[in-house]
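As a plain string of letters, each chain reads:
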Amino acid sequence: MKIIMLGAPGAGKGTQAKQIAAKYEIPHISTGDIFRANIKNGTELGKKAKEYMDQGMLVPDELTCDLVMDRIAQDDCERGFVLDGFPRTIPQAEALTNALTKIGQSMDYAIDVDVPDENIVNRMSGRRACLNCGATYHIVFNPTKAEGVCDACGNETVLRDDDKPETVQKRLSVYHDQTQPLIDYYKEQNILKSVDGTKPMDEVFSDIVAILGE
Ligand code: AP5
Ligand code: MG
Ligand code: ZN
């Protein structure tokens, strides 16, 4: 099963993608997580990506597409994968379609997690992320057991550099300009499904399972 998660920053793509990956036993591929891991490890890619991310802008397509194409060509993706944060421009979507068409494949679902802008800023200011293992929490909706400590790996949890309110506004406007057109792109491919992302997390997940099947 090959799935794309669409949705604004903070809509809950990562939250849902992790559960999908666990239930259907497919890898969760988040370009944001890959960039953050590179930043943490001080790689060249990380240095370049950070300049864009900290301003709420998209990392250029040429730094992003090859990375994802290499990742989905790995053996563990044979049974499918869930893409979180990719594609987020029309050229990225076309690169993905072309790469899959070449090997006689196509995506199965593009799931749009729909959340209005008003709800987003609140969510982001309460989000805490573990930069070690990628786990995500929320101080109200999904708190860690001990404050500031990741349940999964014990490292500290932090407010992401790009979750400051001004940067969140910029990310939202970039989303509307560059990523929202993908909703129509996947509607035309007949694989678009929408879920109401304002519901509690477990209800959103049930709605997704109803689409994907048990
Ligand atoms: P990325 O890491 O993908 O960030 P994003 O798209 O802005 O999305 P987020 O991770 O912020 O939100 P999410 O939808 O995953 O929400 P989450 O589940 O955490 O990208 C970061 C940056 O990297 C980009 O800005 C760009 O610069 C660059 N980049 C990445 N991919 C790229 C690409 N393909 N091309 C170019 N550049 C790229 O949930 C948010 C919060 O809400 C959490 O605290 C969570 O606990 C809470 N929450 C989730 N669901 C619910 C719910 N139902 N009710 C209440 N709270 C909830
Ligand atoms: Mg995410
Ligand atoms: Zn962790």
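See the structure shown above.
The paragraphs below set out a description of the structure included in this document. Note that this is a predicted model, so its numbers are computed, not measured. (Residues numbered from 1 in each chain as written. Chains lettered and ligands numbered in written order. Predicted model: local features only at pLDDT ≥ 70, side-chain atom pairs only at ≥ 80, totals over all residues. Heavy atoms only, no water.)

1. Structural notes on the coordination of the zinc ion (ligand 3)
Coordination sphere of the zinc ion (ligand 3), protein contribution only: Cys130 (SG), Cys133 (SG), Cys150 (SG) and Cys153 (SG), at 2.3 to 2.4 Å. Here the donor residues for the zinc ion (ligand 3) map to a single chain with the spacing C-x2-C-x16-C-x2-C. The exposure class assigned to cysteine 130 is buried, which follows from its relative accessible area of 2%. (Donors = N, O, S within 2.8 Å, 3.2 Å for Na, K, Ca; no water. Buried < 20%, exposed > 50% of the residue type's maximum accessible area, 1.4 Å probe, protein only.)

2. Some points on the site of ligand 1
Neighbouring ligand 1 are 35 residues; Thr15, Met57, Arg88, Arg127 and Arg171 lie closest to it. Between ligand 1 and arginine 36 there is a distance of 2.9 Å, counted from an oxygen atom to a side-chain nitrogen or oxygen. In the environment of ligand 1, a nitrogen atom lies 3.0 Å from a nitrogen or oxygen atom belonging to the backbone of valine 59. For the shell around ligand 1, the secondary-structure elements that each account for two or more residues are helix H1 (13–24), helix H2 (31–40), helix H6 (117–126) and strand S6 (136–138). At four residues, the largest contribution of residues to the shell around ligand 1 is made by H2. Class assignment of the residues belonging to the shell around ligand 1 gives a composition of 14 nonpolar, 12 polar and nine charged. (Near = heavy atom within 4 Å. Polar contact = N/O pair within 3.5 Å; in protein donor to acceptor, adjacent residues only side chain to side chain. Helix = DSSP H or I, 4+ residues; strand = E, 2+ residues; numbered from the N terminus. Nonpolar A, V, L, I, M, F, W, Y, C, P; charged D, E, K, R; others polar.)

3. Things to note about the sheet that holds S6
With antiparallel pairing, three strands are arranged side by side in an open sheet as S6-S5-S7. For this open sheet the edge positions go to S6 and strand S7 (157–158), each flanked by a neighbour on one side alone. Across three bridges, the pairing between strand S5 (residues 127–130) and S6 is antiparallel. When the sheet's bridge partners are listed, arginine 128 is paired in S6 with tyrosine 137. (Pairing = 2+ DSSP bridges.)

4. Some remarks on H6
For H6, the complete set of buried residues consists of Ile120, Arg123, Met124 and Gly126. What you see down the axis of H6 is that its buried residues fit within an arc of 160°, all on one side. Along H6, the residues that are exposed and aim more than 90 degrees away from the buried face are Glu118 and Asn122. (Arc of directions from axis to C-beta.)

5. Notes on the packing of helix H7 (residues 165–179) against helix H8 (residues 181–188)
Running from N to C, H7 and H8 point in directions that differ by 35°, and their axes come no closer than 6 Å. Counting all contacts with H7, which are made through Tyr175, His176, Asp177, Gln178 and Thr179, the residues of H8 involved are Pro181, Leu182 and Ile183. The class makeup of the residues in the contact of H7 with H8 is four nonpolar, three polar and one charged. (Axes fitted to C-alpha atoms, helices over the stretch in contact; angles between N-to-C directions. Contact = heavy atoms within 4.5 Å.)

6. So, the packing of aromatic side chains
Throughout the structure, instances matching the rule amount to one aromatic pair. Plain terms: the ring middles of tyrosine 185 and tyrosine 186 are 4.9 Å apart, the flat faces sit at 80° to each other, and that makes the pair edge-to-face. A single burial state applies to tyrosine 185 and to tyrosine 186, both of which are buried. One residue, lysine 23, lies across the ring of tyrosine 24, its end atom 5.7 Å from the ring centre. (Phe/Tyr/Trp six-rings, centres within 6.5 Å; stacked < 30°, edge-to-face > 60°. Lys NZ or Arg CZ within 6 Å of the ring centre and 35° of its normal.)

7. Description of the sheet that holds strand S2 (residues 28–30)
Across the sheet, which stays open at both edges, the five strands sit in the order S2-S3-S1-S4-S8 with parallel pairing between neighbours. The two strands at the open ends of the sheet, each matched to only one other strand, are S2 and strand S8 (192–196). The average undirected angle you get between the axes of adjacent strands in this sheet is 20°. Looking at chain direction, strand S1 (residues 2–6) and strand S4 (residues 109–114) are connected through four bridges and run parallel.

8. Examining the environment of lysine 50
Checked against the element boundaries, lysine 50 lands in helix H3 (residues 44–53). By relative accessible area, lysine 50 is classed as partly exposed at 31%. Distance from lysine 50 to glycine 126, taken between C-alpha atoms, is 22 Å for residues 76 residues apart in sequence. Beyond its immediate sequence surroundings of up to four residues, lysine 50 is in contact with Ile39 and Asp161.

Without other data, these values stay purely geometric and don't point to any function.
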